[in-house]
Amino acid sequence: MSGEYEQMWRDLGLNLEAHDALLGVLGKGYEDIFLSQKNRPAGMDYFNFVMSEVHSLRIKELLESQKAGRKVIGSFCVFVPEEIVRAADATLVGLCTGADFATEEVEKLLPRNTCSLIKSAFGFKLGQVCPYIESADMIVGENTCDGKKKSYEVLKTLVPNLYVMDLPQMKSSEGRAVLKAEYERFRKAVEDLTGVTIDAQRLRKGIDIVNGKRKAIHRLSALRKADPAPISGLDALLINQVYFYDDPIRFTDSVNKICTELEGRNKAQVGVFPKGAPRILLSGCPMAVPNWKLPWIIETSGAVIVGEESCVGERGTRNLTNDSGNTVDELMEAIVDRYFQVDCAIFRPNPDRLEHVRQMYTTYAADGVIHYGLQFCQPYQIESLQVERALEEKGIATLRIDTDYSMEDVEQLKTRVEAFIERISSRRAA
Ligand code: SF4
Ligand code: SF4
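Since the structure is predicted, the reported quantities are computational estimates derived from the model, not experimental observations.

1. Notes on the overall build of the protein chain
Looking only at helices and strands, the protein chain has 19 helices and eight strands in total. Computed over C-alpha atoms, the radius of gyration of the protein chain comes to 21 Å, within 12% of the 22 Å expected from 2.2 N^0.38 for 430 residues, which places it in the range of a compact globule. For the protein chain, the spread of C-alpha atoms along the three principal axes comes to 65 × 50 × 45 Å. In the protein chain, which comprises 430 residues, the proportion classed as buried is 48%. Sequence separation of at least 24 residues holds for 75% of the intrachain contacts in the protein chain that already meet a minimum separation of 6.

Here you go:
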């Protein structure tokens, strides 16, 4: 695989040996976890292709777009408004934060008890294995949790083009004003980077492109209400992960295409799991590529995941941005309104998130909720106790899992997940 693209990776400054090793592990993991699934929709072929080319063809496309004068912006969080980036004809890409890499080097810069997601961002940079970080013209770090906020001070020494965006911590009018000011500052920074003045027409076009992606994902989510489920949770998660990498228009078309196929499946009552299989709603920390451990454990234990209350999932995609404004200011207000609804656990208090979990549980006819917390993630781990208590009080079976990116706890997690699936299955039978 490496031959054709070797020079491109070398020019980006990647460590070819480490990069080859990473691609080897990724390819094997993908084969074992995704390609081994039975009865996948044919539309997944496109996403298999994207994944097989995620470090090669997609990077080549980005580099070509740069040669044509367009900029690439990398981000770690769904609070970075893609609408503004698209309005300047630039491309927003999610950065690799879903696997451990160069851990020894990372732990020379960060405490061991830092969450895997933050460590992963550092590991991919220190190990020189992420072509996205290396090709981005600007990387946006957002001040969300304390771990990210403080680690960006260190990341800045490794990534000189890091732009730090501040975020509010409370859903108050003062909090909204902070978000508005930060998005205005970001718009200016994007204009300076790209040399493009963002007018109302450009901004509306940016909004429409990003709304298109979201609408396609909404269509996919709605199809997952069916029993039998027409697509596995793993494949749906993969589509939500590809959301952050692919060309948005091509992505929207591909999701719509698979949705048409899934409509046919639902009509014919064809599923990837037998009708009546226990249905799980996943909730909690985001799962970035290639973090597939927990969904893989769940779906190889006989249950199907029917929704993700996550930033790589419905928390990130559920709300559209109103595109009816006529001026840049009106459209910017609409963007702020849209993102201010994201119910990340960094906000306090955060009752909307609990409500959203309950609503998703009902909408997708789930039998139980598995809350996924990354070890050392204070916002989600602390919130998970309240979420679990509130859900159980309403009679919703909930399992709290705290884990990291290592595979050491797979057996132990499998035992807990199997016991939970048994619990929800027997409730169903009663
Ligand atoms: S969980 Fe919060 S900090 Fe993390 S990506 Fe989502 S919004 Fe951003
Ligand atoms: S998983 Fe938690 S601790 Fe880690 S970056 Fe996200 S919010 Fe911060």
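2. Side note on helix 10 (residues 173-194)
Under the 1.5 Å per step criterion, the end-to-end length of helix 10 is 31 Å for 22 residues, consistent within 8% with the ideal 32 Å. Among the residues making up helix 10, those that are buried are Leu179, Glu182, Tyr183, Phe186, Arg187, Val190 and Thr194. Burial along helix 10 is one-sided: seen end-on, the buried residues are contained in an arc of 150 degrees. The outward face of helix 10, more than 90 degrees from its buried face, is lined by the exposed residues Ser173, Glu174, Ala177, Lys188 and Asp192. Contact partners of the buried residues in helix 10: helix 5 (82-87), strand 4 (162-166) and helix 16 (328-340).

3. A look at the site of ligand 2
Within the structure, ligand 2 sits among Cys115, Leu117, Ile118, Thr144, Cys145, Gly147, Lys148, Cys285, Leu374, Cys377, Pro379 and Tyr380. At the level of elements, helix 7 (116-126), helix 9 (146-158) and helix 18 (378-393) are the ones that each hand at least two residues to the shell around ligand 2. Classifying every residue of the shell around ligand 2 by side-chain character gives nine nonpolar, two polar and one charged.

4. Observations concerning the sheet that holds strand 1 (residues 72-75)
With parallel pairing, four strands are arranged side by side in an open sheet as 2-1-3-4. A strand with exactly one partner marks an edge of an open sheet, and here the two such strands are strand 2 (91-94) and strand 4. For this sheet, the mean angle separating the axes of adjacent strands, direction not counted, is 30 degrees. In this sheet, strand 3 (residues 138-143) lies alongside strand 1 in parallel orientation, the contact comprising three bridges. Each residue of the ladder has a partner; that of serine 75, found in strand 3, is valine 140. In the packing of helix 9 onto the sheet, contacts are made with strand 3 and strand 4, and the angle to strand 3 comes to roughly 150 degrees.

5. A short note on the sheet that holds strand 5 (residues 279-284)
Across the sheet, which stays open at both edges, the four strands sit in the order 6-5-7-8 with parallel pairing between neighbours. The sheet is open, and its two edges are formed by strand 6 (304-309) and strand 8 (398-403), each paired on a single side. Geometrically, the sheet is characterised by an average inter-axis angle of 25 degrees between neighbouring strands, direction not taken into account. Where strand 7 (residues 368-374) meets strand 8, six bridges bridge the pair, whose relative direction is parallel.

6. Quick notes on the pairing of strand 2
Residues Thr91 and Val93 point to one face of strand 2 and Leu92 and Gly94 to the other, with burial holding for every one of them. In this structure, strand 1 lies alongside strand 2, joined through four bridges in parallel fashion. Looking across to strand 2, one finds that serine 75 is bridged to glycine 94.

7. Digging into the site of ligand 1
Near ligand 1 you find Cys77, Val78, Phe79, Thr144, Pro286, Cys311, Val342, Cys344 and Ile346, and these make up its full shell. Within the shell around ligand 1, the residues separate by chemical class into eight nonpolar, one polar and no charged.

8. Comments concerning unusual backbone geometry
Cis geometry marks the peptide bond from valine 289 to proline 290; its omega dihedral reads -5 degrees. Along the chain, proline 290 falls in the loop between strand 5 and helix 14 (293-299). Each neighbour pair has its own omega, and for arginine 348 with proline 349 the value is -20 degrees, a cis peptide bond. Relative to the elements of secondary structure, proline 349 occurs in the loop between helix 16 and helix 17 (351-363). A positive phi angle is found at asparagine 39, which is not glycine, with a value near 55 degrees. Relative to the elements of secondary structure, asparagine 39 occurs in the loop between helix 2 (16-35) and helix 3 (44-52).

9. Quick word on helix 7
Most of helix 7 sits inside the fold, with 10 of its 11 residues counted as buried. Every buried residue of helix 7 is accounted for by Ser116, Leu117, Ile118, Lys119, Ser120, Ala121, Phe122, Gly123, Phe124 and Lys125. Looking at the buried positions of helix 7, the neighbouring elements they touch are helix 6 (103-106), helix 8 (131-135), helix 9 and strand 7. At the C-terminal side of helix 7, glutamine 128 shows a positive phi close to 55 degrees.

10. Remarks on the packing of helix 11 (residues 200-223) against helix 13 (residues 248-267)
At a minimum axis distance of 9 Å, the contact between helix 11 and helix 13 shows a crossing angle of 20 degrees. Here helix 11 is positioned roughly parallel relative to helix 13, judged by the angle of their axes. For the element pair helix 11 and helix 13, the recorded crossing hand is left-handed. Where helix 11 abuts helix 13, its residues Ile209, Val210, Gly212, Lys213, Ala216, Ile217, Arg219, Leu220 and Leu223 lie against Pro248, Ile249, Phe251, Thr252, Val255, Asn256, Cys259, Leu262, Glu263 and Asn266.

Criteria and thresholds
Residues numbered from 1 in each chain as written. Chains lettered and ligands numbered in written order. Predicted model: local features only at pLDDT ≥ 70, side-chain atom pairs only at ≥ 80, totals over all residues. Helix = DSSP H or I, 4+ residues; strand = E, 2+ residues; numbered from the N terminus. Rg over C-alpha atoms; globule rule 2.2 N^0.38 Å. Buried ≥ 20, exposed ≤ 12 C-beta atoms within 10 Å, placed from the backbone. Contact = placed C-beta atoms within 7 Å. Expected span 1.5 Å × (residues − 1). Arc of directions from axis to C-beta. Near = placed C-beta within 6 Å. Nonpolar A, V, L, I, M, F, W, Y, C, P; charged D, E, K, R; others polar. Pairing = 2+ DSSP bridges. Axes fitted to C-alpha atoms, helices over the stretch in contact; angles between N-to-C directions. Parallel < 35°, antiparallel > 145°, perpendicular 65-115°, else oblique. Left-handed = near helix turned anticlockwise from the far one by under 90°.

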